[in-house]
Amino acid sequence: MTSSTVMNYDIENDDSFTQPVGRWSVLYYGSGHMLNDITAACWFTYLLLFLTDIGLSPRGAAAVMLSGQIADGFATIFIGELIDRFGHFKIWHGAGSVLVAVSFSSVFGGCMPCRILSTSTLKVETISYCVFAAIFNVGWAATQVAHMSMVNCITLNSTSRVVLTSCRNAFTMVANLSLYAIAFIVFSVSTAKTHADLENQYRWIAYSSIFIGCCFVGIFLSRTEEPRLKMGLRGNSHARISWAYWFKKILYYQVALVYMLTRLVVNVSQAYLAFYVINDLRMGQSAKALVPAIIYICSFIVSILLQVTGISMQNVLVGEDLSGCAFVCGTLSFLDKMSCGIAVYVLQSYQSMSPTVLDNNSSITSLTVLDNNSLISTSYISVTRFGLGLIPAICSLVSVAVTFTMKLHTPYSKPLVEPLLQ
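Taking an unreviewed UniProt entry as the reference, the protein chain is identified by name as Major facilitator superfamily (MFS) profile domain-containing protein belonging to Citrus sinensis. UniProt annotates the protein chain under Sequence similarities (unreviewed entry) with the comment "Belongs to the major facilitator superfamily."

Check the secondary structure of the protein chain and you find 16 helices and 2 strands. When the 422 residues of the protein chain are sorted by exposure, 55% land in the buried category. Excluding contacts between residues fewer than 6 apart, the proportion of contacts in the protein chain whose partners are at least 24 apart in sequence is 85%. Summed over all atoms, the accessible surface of the protein chain reaches about 18100 Å², with 67% contributed by carbon and sulfur.

Attention shifts here to the nonpolar core. Membership of the largest hydrophobic core comes to 107 residues, with the highest contact counts inside it found for Tyr-46, Leu-51, Phe-108, Tyr-202 and Ile-205. The biggest single contributor to this core is helix α12 (residues 250-280), with 17 residues. The residues contacting Tyr-46, other than those within four sequence positions of it, are Phe-108, Leu-179, Tyr-180, Ala-183, Phe-187, Tyr-202, Lys-288 and Ala-289.

This paragraph deals with the packing of helix α3 (residues 34-53) against helix α5 (residues 89-108). Two elements in contact, α3 and α5, have axes separated by 12 Å at closest approach and are oriented at 20 degrees. Classified by the interaxial angle, the pair formed by α3 and α5 is roughly parallel. For α3 against α5, the interelement crossing comes out left-handed. Here Leu-35, Asn-36, Thr-39, Cys-42, Trp-43, Tyr-46, Leu-47 and Phe-50 of α3 come into contact with α5, specifically with Ser-97, Val-100, Phe-104, Val-107 and Phe-108. Broken down by class, the residue content of the contact of α3 with α5 amounts to 10 nonpolar, 3 polar and no charged.

This part takes up the packing of α3 against helix α8 (residues 158-189). Contact pair α3 / α8: the axes reach a minimum separation of 8 Å and the direction vectors enclose 50 degrees. In terms of orientation, α3 and α8 fall into the oblique class. As for the relative orientation of α3 and α8, their crossing is right-handed in sense. Residues Met-34, Asp-37, Ile-38, Ala-41, Cys-42, Thr-45 and Tyr-46 of α3 form the contact with α8, whose own contacting residues are Arg-168, Phe-171, Thr-172, Val-174, Ala-175, Asn-176, Ser-178, Leu-179, Tyr-180, Ala-183 and Phe-187. When its residues are assigned to classes, the contact of α3 with α8 shows 12 nonpolar, 4 polar and 2 charged.

For the rest of this paragraph, the subject is the environment of Ser-396. Within the element layout of this structure, Ser-396 appears in helix α16 (residues 384-404). We classify Ser-396 as partly exposed; its relative accessible area is 23%. Each C-alpha atom, one on Ser-396 and one on Thr-262, is 6.9 Å from the other, the two residues being 134 residues apart in sequence. Polar contacts involving the side chain of Ser-396 include one to the main-chain carbonyl oxygen of Pro-392, which spans 2.8 Å.

Attention now moves to the pattern of salt bridges. Enumeration according to the criterion identifies 4 salt bridges in this entry. Between Arg-85 and Glu-81 there is a salt bridge, and its shortest N-O distance comes to 3.2 Å. Of this pair, Arg-85 and Glu-81 are both found in helix α4 (residues 58-86), 4 residues apart, which corresponds to roughly one turn of the helix. Judged by its relative accessible area of 12%, Glu-81 falls in the buried class. For the salt bridge of Arg-263 with Asp-336, the shortest nitrogen-to-oxygen distance reads 3.9 Å.

The subject of this paragraph is the packing of aromatic side chains. Within this structure, the stated rule accounts for 17 aromatic pairs. Plain terms: the ring middles of Phe-50 and Tyr-129 are 6.3 Å apart, the flat faces sit at 90 degrees to each other, and that makes the pair edge-to-face. Residue Phe-50 is found in helix α3, and its partner Tyr-129 is found in helix α7 (residues 122-154); the two are separated by 79 residues along the sequence. With relative accessibility at 1%, the residue Tyr-129 sits in the buried group. Pairwise contacts between aromatic rings join Trp-43, Tyr-46, Phe-50, Phe-104, Phe-108, Tyr-129, Phe-136, Phe-187 and Tyr-202 into one cluster. Here the guanidinium or amino end of Lys-288 rests over the ring plane of Phe-187, the centre of that ring lying 4.1 Å away.

All right, on to empty space enclosed by the protein then. In this approach the atoms are scanned with a rolling probe the size of a water molecule, which exposes any empty space left behind. As enumerated under the stated definition, the model contains 2 cavities of 30 Å³ or more in all. Estimates place the volume of the largest cavity at around 80 Å³. Lining the largest cavity are 13 residues, and of these Ala-40, Phe-44, Asp-72, Trp-140 and Lys-337 sit closest to its centre. Broken down by secondary-structure element, the contributors of at least two residues to the lining of the largest cavity are α3, α4, α7, α12 and α15 (325-349). Within the lining of the largest cavity, the residues separate by chemical class into 5 nonpolar, 4 polar and 4 charged.

On to the confidence of the model for the protein chain, then. Residues of the protein chain with pLDDT of at least 70 account for 78%, and the chain-wide mean is 79. Considering only residues more than four positions removed or in separate chains, one finds that residues 1-11, a stretch of pLDDT under 50, has 15 contacts.

As a further point, take the UniProt feature "transmembrane region" (unreviewed entry) in the protein chain. Feature annotation in UniProt places "transmembrane region" (unreviewed entry) on residues 91-114, 126-150, 170-192, 204-221, 250-278, 290-313 and 386-406, given in this structure's numbering. Taken end to end, residues 204-221 comprises 100% helix and 0% strand; its first and last C-alpha atoms sit 26 Å apart. Spanning residues 250-278, this segment combines 100% helix with 0% strand, and its end C-alpha atoms are found 44 Å apart.

Calculation rules
Residues numbered from 1 in each chain as written. Predicted model: local features only at pLDDT ≥ 70, side-chain atom pairs only at ≥ 80, totals over all residues. Heavy atoms only, no water. UniProt positions renumbered as here; feature names shortened; annotations may be inferred. Helix = DSSP H or I, 4+ residues; strand = E, 2+ residues; numbered from the N terminus. Buried < 20%, exposed > 50% of the residue type's maximum accessible area, 1.4 Å probe, protein only. Contact = heavy atoms within 4.5 Å. Areas by Shrake-Rupley, 256 points an atom, 1.4 Å probe, with all protein chains shown as cover. Core = buried A, V, L, I, M, F, W, Y, C linked by side-chain atoms within 4.5 Å. Axes fitted to C-alpha atoms, helices over the stretch in contact; angles between N-to-C directions. Parallel < 35°, antiparallel > 145°, perpendicular 65-115°, else oblique. Left-handed = near helix turned anticlockwise from the far one by under 90°. Nonpolar A, V, L, I, M, F, W, Y, C, P; charged D, E, K, R; others polar. Polar contact = N/O pair within 3.5 Å; in protein donor to acceptor, adjacent residues only side chain to side chain. Salt bridge = Lys/Arg side-chain N within 4 Å of Asp/Glu carboxyl O. Phe/Tyr/Trp six-rings, centres within 6.5 Å; stacked < 30°, edge-to-face > 60°. Lys NZ or Arg CZ within 6 Å of the ring centre and 35° of its normal. 1 Å grid on protein atoms, 1.4 Å probe; cavity = no way out; pocket = protein on both sides within 12 Å on 5 of 7 lines; lining within 4 Å. Points joined across faces, edges and corners; volume = space filled by probe spheres on them. pLDDT = per-residue confidence, 0-100.

This is how it looks when you write it as structure tokens:
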């Protein structure tokens, strides 16, 4: 009997891999995505609003987001392949977190190349933000794929996999509410009268988010062990599953579609909520944080149900085929990022500049014309009704219809009379 066969036999007959995961282990695992979640909440809620407020056109702001989403999408596949090949989830997670922390402040910290080159042309600003957005999303992708694919390698117990995923989403809620709390404080205590003031507001939000997220990442890296299942269930780390194996599965396409649609519901609606509050309802600055927080809390159950369903289906798809778990996570995330980036870019292509009319002494202006010392707003076309209403509704209905066509089975499933946690 070869050493790989012995390892395979030992793991398949080790009850510890099919027993419920301890509650502290679940908690430590869930904290690992906190930095990604809090920066993603800021990214989707405030990026487009921030960029258009500092002078970029709606299409230019969408190009920045699209560049980040494209970089994220391709990085997830590439990083997923490397993780499947070499393993070391925690190393990828830590490296990605460092890249996220370093680059995120540059996205919301103003145009660094503009200060270096002593120029503030629209073209240089757009290119600068596109580059930093891409760097940020590459780091974000490394952390996400490593963290998501760990679930399948921590345990074979299907119930524990759901618990781990649920804990991860619970921390997502904590991250979102933390971001909105920070933003509410910043928008309430400071007033943005110039571009510099506006950049300072978002810089404080970004720095505070990074600090909180890094604290939780430190807990995750110090308290979570590297999964042992990766090396043993299928012989060794080099016994990888071909990509074609997944592409021949109907369930792969069904899960991919449901996951993509559920993420579209969350991300697109989140991206346009702040626009709706400020530009359409003309509410105060603090409402940019308060209203999204209230809506997020009210829709929490539905939102989390959608996300848990999508990720749990992903875990069922992987099952015990652990040598391809990172590839599955990567390709599904690729569809998520590309679809969101394209959807936002298409919507922003029909979005006109903000209709906000400010006094003549303000340095922050929308697309206006000066006529007899007064500011007159140009015609305004809002696409927020599509971002907040039509797209989420269609995506939800389609995902429900696809879900009913699935044939799901879990090889290690047991009746739900066992404890969820030890």
